[in-house]
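Architecture at a glance
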Amino acid sequence: VGPPQGRGGFEDDQSTEDQEEEVSRVAGPDVGSEFDLVIVDPPNLGSDRTHAPKAIRFYERLVHSAARRCAKGGLLFVASCTHHVGEPELAGAVARALRWPGCEREARVVSCGTQAA
């Protein structure tokens, strides 16, 4: 599945509705299937700091959709290669998404890591 806008990142004028369509396209239809392992690893979602807020909202929607497909006791792996979205921002997006209606899940961080310099 390709990145948002077919090349990664967001257009400055991309509407919330357009972003919602991207989440649906990337996450696929909500068919009720559950999996023991769900991986959220989108491409770079923004080339500069101005795209970070949109990228964080996109991560929230992706995580919410992915978590709903994660079986009880399953693992949800979330990765980010968006330079301007750091570990605290990504962890906050994940925590918020897991509290959204229809997705109330208990969660714990198993591991955090970064790319080698």
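Everything that follows concerns the structure shown earlier in this document.
Reference entry: report on the structure contained in this document.

Analysis parameters
Residues numbered from 1 in each chain as written. Predicted model: local features only at pLDDT ≥ 70, side-chain atom pairs only at ≥ 80, totals over all residues. Heavy atoms only, no water. Helix = DSSP H or I, 4+ residues; strand = E, 2+ residues; numbered from the N terminus. Expected span 1.5 Å × (residues − 1). Buried < 20%, exposed > 50% of the residue type's maximum accessible area, 1.4 Å probe, protein only. Core = buried A, V, L, I, M, F, W, Y, C linked by side-chain atoms within 4.5 Å. Contact = heavy atoms within 4.5 Å. Pairing = 2+ DSSP bridges. Right-handed = clockwise from strand over helix to strand, strands pointing away. Axes fitted to C-alpha atoms, helices over the stretch in contact; angles between N-to-C directions. Parallel < 35°, antiparallel > 145°, perpendicular 65-115°, else oblique. Left-handed = near helix turned anticlockwise from the far one by under 90°. Nonpolar A, V, L, I, M, F, W, Y, C, P; charged D, E, K, R; others polar. Patch = residues over 30% accessible without salt bridge, like charges linked within 9 Å, V, L, I, M, F, W, Y side chains within 5 Å. Areas by Shrake-Rupley, 256 points an atom, 1.4 Å probe, with all protein chains shown as cover. Salt bridge = Lys/Arg side-chain N within 4 Å of Asp/Glu carboxyl O.

**Overview of helix α2 (residues 52–67)**
Structurally, the α-helix is built with 3.6 residues per turn, so residues lying three or four positions apart point the same way. Between its first and last C-alpha atoms α2 spans 22 Å; for 16 residues at 1.5 Å apiece the expected length is 22 Å, and the two agree. With 14 of its 16 residues buried, α2 lies for the most part within the structure.

**Observations concerning the nonpolar core**
In this structure, L45, Y59 and V85 are the most contacted members of the largest nonpolar core, which totals 14 residues. Elements that contribute at least two residues to this core include exactly β1 (35–40), α2 and α3 (87–98). In terms of residue count, the dominant contributor to this core is α2 (seven residues). Excluding anything up to four places from it in sequence, V85 contacts A52, A55, I56, Y59, S80 and L90.

**A closer look at the pairing of strand β2 (residues 70–78)**
When β1 meets β2, the two strands line up parallel, connected through five bridges. Each bridged residue has a counterpart across the sheet, and for L37 the counterpart in β2 is L75. Between the parallel pair β1 and β2, the chain is carried across by α2, and the sense of this crossover is right-handed.

**Observations regarding the packing of α2 against α3**
Relative placement of two packed helices is described by the angle separating their axes and the distance separating the axes. Put simply, α2 and α3 touch, their axes get as near as 8 Å, and they point 45 degrees apart. In terms of their interaxial angle, α2 and α3 are classed as oblique. Once α2 is placed against α3, the crossing between them reads as right-handed. Note on element contacts: α3 touches α2 through E89, L90, A93, V94, R96, A97 and L98, opposite I56, Y59, E60, V63, H64 and A67. Across the contact of α2 with α3, the residue classes tally to nine nonpolar, one polar and three charged.

**Some words on a nonpolar patch on the surface**
On the surface, L37, I39, L75, F77 and V110 cluster together to form a nonpolar patch covering roughly 520 Å² of accessible area. Contributing elements (two or more residues each) for the nonpolar patch: β1 and β2.

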